[in-house]
Amino acid sequence: MSDASDITTAPATAPVVPDAAVQVSGVDKIFTGKKKATVTALESIDLTVAPGEFVSLIGPSGCGKSTLLRLIADLDTPSTGTVTVFGKTARQARIDQEYGIAFQQAGLLPWRTVTGNIELPLELHGVGGAARKARVSELLALVGLSDFAESYPDQLSGGMQQRVAIARALAESPRLLLMDEPFGALDEMTRERMQTELVRITGETGAAVVFVTHSIPEAVYLSNRVVVMSPRPGRIRDVLTVSLGTAQERTEELRENEAFFENVSKVRELLHGEAPVGIRGVETR
Amino acid sequence: MRSSAGIYRTVLAPVLLGLVALALWQLLVVAFDIKAFIVPGPIAIGTEFGANLSTVLQGALVTGGNALVGLVIGGVTGILFAIIAALVRVIDELSAAVVAAIAVVPIVALAPVLYTMFGAAAETGRQLVAAIAVFIPVYINTLRGLRQVRPVHRDLMRVYAASAWQTTRTVTVPGALPFIFTGLRIASSLAVISALIAEYFGGPIGGLGKSITSAASGSNYSLAWAYVLGAIIVGLVFYCVTLAIEKIATRHYSPNT
Ligand SMILES: Nc1ncnc2c1ncn2[C@@H]1O[C@H](COP(=O)(O)OP(=O)(O)OP(=O)(O)O)[C@@H](O)[C@H]1O
Ligand SMILES: [Mg+2]
């Protein structure tokens, strides 16, 4: 009599984790281009993301970060291996709206106002007008765009557009957020503010996040774990567990903290290969 | 939004150029004593236009009315057919040849046949000629626009597990709007031209086309040209109104969102 209650949350490398937010097992992705030319974008990827966990993907351009995110989102299918989201196939999870996503581009609909863009998923899924209105004003306040509710995307800066896209991703309070360099277009100040906001939001909603970024400090500041990927074919080179405390403890001061810098240089070392970087915590970008 | 310098350049400059051209035209007609059946001077045309303003206006309403009915019918069916063709691949493939065939038919040539079909006293034949002429550019441009969905928008709709119809309604058709309007802008002029020319082939009197032919056959050349001027104005009005609607409807479209 093997009782189900015996099973505790399994470590990240276990083959089957029934309650994982995301489980990627043995995934390869090979693109076939023109004239049968193939590109191996991902090779033997294993990754488990626990519920409520914040995982960043970092790696050189073209190493397959976006591709991995698209596989989890069921916007593409793996060549081999499996992807499950909350124990379901990626496809079923997409149909059940288990995740919210923000792309590398904002991808707003230019003919809709900010409000119209944020309420798009709610509208498509049959949420009533009043409930939609309430939710949109909540989200607008969250991303600091309450004054721009009736503006059109072409009247917003790139950073503001990206914040609208984030609000849209959060609209249905998903248990899983997939974000592909959402802050890439933002200036340093807005970027740090959005990072703080994101930590707060995910702390409050308890959502798991898979977050693609090029910025080492960003990855360290936000994540529970940083997944470092190698250039093509994209593989997971290493996974760094960052223990900088809970969402509440991740304040602005953390950015000047010793432990923060230590983790930044660790990720940099992993990213650049073995050679350790001499002085730690000097370069923070 | 537009500066006064911009208004000068887009409105005032062409008007001035037009006036200079008219003056030159008048000068040439007088200087070389050009006969009215070749081309009358602008003053003679303008005088006839003023003297027959009410009949020109009535003719313009008849021809313009036919063109408008044709534009609406042809426009709506063109857009609807394009949406269906974009949704159902088989229809797209089947209709491609038909549309290519219709596109090369001189549509006004159908007018006499349509007059016998609907009776020579009705305007229906002319309206249908205009509608068919409008259908082609609207259909072709709309279909092209419907295929231009940005990949990020397609991904978004897939993420939301949106149905084909939801995707069409929220992303595909709004995204195609600039193309639809390009089609309609071309079609607006075609509608007027087709409705006008169709009148040359018979049917009830009252429109500008019939008036041009009867004035010309009565050797009343200045009057014929006054009706031509009326037709040009109708064409311009159609074009400008369509353009204005386009500018308003697509004012927020920019590729960088
Ligand atoms: N649809 C596709 N067809 C063919 N090759 C593709 C396709 N999508 C991605 N690739 C290839 O897969 C590799 C990984 O691309 P991906 O976009 O995932 O990189 P990335 O890590 O997100 O890069 P960046 O940081 O620049 O966004 C690249 O070499 C790319 O050329
Ligand atoms: Mg990418």
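Residues numbered from 1 in each chain as written. Chains lettered and ligands numbered in written order. Predicted model: local features only at pLDDT ≥ 70, side-chain atom pairs only at ≥ 80, totals over all residues. Heavy atoms only, no water.

S.K.: Explain the domain arrangement of chain A to me, and be specific about the residues and the numbers.
M.R.: Residues and elements named next belong to chain A. Domain boundaries in chain A define domain 1 (4–98 + 174–283) and domain 2 (107–172). Across the boundary between the two partners, domain 1 contributes 13 residues, which contact ten residues of domain 2. A combined buried area of about 1100 Å² lies between domain 1 and domain 2, and 71% of that area is made up of carbon and sulfur atoms. The interface formed by domain 1 and domain 2 contains zero residue pairs in polar contact (both at pLDDT 80 or more). Contributing elements (two or more residues each) for the side of domain 1 that touches domain 2: strand 7 (176–180) and helix 7 (188–205). Among the elements that take part in the side of domain 1 that touches domain 2, helix 7 stands out by supplying six residues, more than any other. Taken together, the residues that form the side of domain 1 that touches domain 2 break down as eight nonpolar, two polar and three charged. (Domains from an automatic or database assignment. Contact = heavy atoms within 4.5 Å. Buried area = accessible area lost by both parts, 1.4 Å probe. Polar contact = N/O pair within 3.5 Å; in protein donor to acceptor, adjacent residues only side chain to side chain. Helix = DSSP H or I, 4+ residues; strand = E, 2+ residues; numbered from the N terminus. Nonpolar A, V, L, I, M, F, W, Y, C, P; charged D, E, K, R; others polar.)

S.K.: If you had to explain the environment of A:Phe54 to someone new, which residues and values would you point to?
M.R.: Residue and element names in this part refer to chain A. Residue position: Phe54 is located in strand 3 (residues 54–58). The class for Phe54 is buried, based on a relative accessible area of 4%. Sequence spacing of Phe54 and Asn224 is 170 residues, and the spatial spacing of their C-alpha atoms is 5.2 Å. Excluding its chain neighbours within four sequence positions, the residues that come into contact with Phe54 are Leu198, Thr202, Val209, Phe211, Leu222, Ser223, Asn224 and Arg225. (Buried < 20%, exposed > 50% of the residue type's maximum accessible area, 1.4 Å probe, protein only.)

S.K.: I'd like a rundown of the pairing of strand 7 of chain A, residues and numbers included.
M.R.: Note on strand geometry: in a regular strand, side chains alternate between the two faces of the sheet. Residues and elements named next belong to chain A. Burial runs high along strand 7: five of the five residues are buried. With burial as the criterion, each face of strand 7 is covered, one bearing Leu176, Leu178 and Asp180 and the other bearing Leu177 and Met179. Note that strand 6 (residues 99–102) and strand 7 share four bridges and pair parallel. Across the sheet, the residue bridging to Ile101 is Leu178, located in strand 7. Judged from the five bridges that link them, strand 7 and strand 8 (residues 208–213) form a sheet pairing that is parallel. Bridge pairing in strand 8 places Leu177 opposite Val209. (Pairing = 2+ DSSP bridges.)

S.K.: Go over a nonpolar patch on the surface with me, naming the residues and quoting the values.
M.R.: All names here are of chain B. A surface patch of nonpolar side chains, amounting to about 720 Å² of accessible area, comprises Ile7, Tyr8, Val11, Leu12, Val15, Leu16, Leu19 and Leu22. Looking at the secondary structure, you find Tyr8 in helix 1 (residues 4–31). Of the residues examined, Tyr8 reaches a relative accessible area of 45% and is grouped as partly exposed. (Patch = residues over 30% accessible without salt bridge, like charges linked within 9 Å, V, L, I, M, F, W, Y side chains within 5 Å. Areas by Shrake-Rupley, 256 points an atom, 1.4 Å probe, with all protein chains shown as cover. Salt bridge = Lys/Arg side-chain N within 4 Å of Asp/Glu carboxyl O.)

S.K.: Give a detailed account of the side chain of A:Thr213, specifying residues and quantitative values.
M.R.: All names here are of chain A. Mapped onto the elements, Thr213 comes out in strand 8. A distance of 2.9 Å separates the side chain of Thr213 from the backbone nitrogen of Ser215, its partner in a polar contact. Reaching out from Thr213, the side chain makes a polar contact with the side chain of Glu218 at a distance of 2.7 Å. Sequence-distant contacts of Thr213, that is, excluding residues within four places in its chain, are made with Leu57, Ile58, Gly59, Lys65, Glu181, Arg191, Glu218 and Ala219.

S.K.: Could you give me a rundown of the UniProt feature "domain: ABC transmembrane type-1" (unreviewed entry) in chain B, with the residues and numbers involved?
M.R.: Under the UniProt annotation, the feature "domain: ABC transmembrane type-1" (unreviewed entry) is placed at residues 56–242 of chain B. Taken end to end, residues 56–242 of chain B is 84% helix and 0% strand, and its first and last C-alpha atoms sit 23 Å apart. (UniProt positions renumbered as here; feature names shortened; annotations may be inferred.)

S.K.: With reference to specific residues and values, describe the packing of helix 2 (residues 42–51) of chain B against helix 10 (residues 221–249) of chain B.
M.R.: Residues and elements named next belong to chain B. Helix 10 packs onto helix 2 with a crossing angle of 75 degrees between their chain directions and a minimal axis gap of 8 Å. Relative to helix 10, the element helix 2 is oriented roughly perpendicular. Across the interface between the two elements, Ala44, Ile45, Glu48 and Phe49 from helix 2 touch Ser222, Leu223, Trp225, Ala226, Leu229, Gly230 and Ile233 from helix 10. Across the contact of helix 2 with helix 10, the residue classes break down as eight nonpolar, two polar and one charged. (Axes fitted to C-alpha atoms, helices over the stretch in contact; angles between N-to-C directions. Parallel < 35°, antiparallel > 145°, perpendicular 65-115°, else oblique.)

S.K.: I'd love a proper account of the site of ligand 1, names of residues and values included.
M.R.: Residue and element names in this part refer to chain A. Around ligand 1, the surrounding shell holds 13 residues, and the nearest of these are Ser61, Gly62, Lys65, Ser66 and Thr67. Contact distances for ligand 1 include 2.5 Å between an oxygen atom and a side-chain N or O atom of Ser61. In the environment of ligand 1, an oxygen atom lies 2.8 Å from a nitrogen or oxygen atom belonging to the side chain of Lys65. Burial of ligand 1 by the protein amounts to 65% of the accessible area it has alone, namely 630 Å². Residue contributions to the shell around ligand 1 peak at three residues, all from helix 1 (residues 65–72). (Near = heavy atom within 4 Å.)

S.K.: Describe the coordination of the magnesium ion (ligand 2), with residues and values.
M.R.: All names here are of chain A. Looking at the metal site, the magnesium ion (ligand 2) is ligated by Ser66 (OG) and Gln104 (OE1), spaced 1.9 to 2.7 Å from it. Taken together, the residues span a long stretch of sequence, with Ser66 in helix 1 and Gln104 in the loop between strand 6 and helix 3 (114–118) at a distance of 38 residues. When its relative accessible area of 42% is taken as the criterion, Gln104 is described as partly exposed. (Donors = N, O, S within 2.8 Å, 3.2 Å for Na, K, Ca; no water.)

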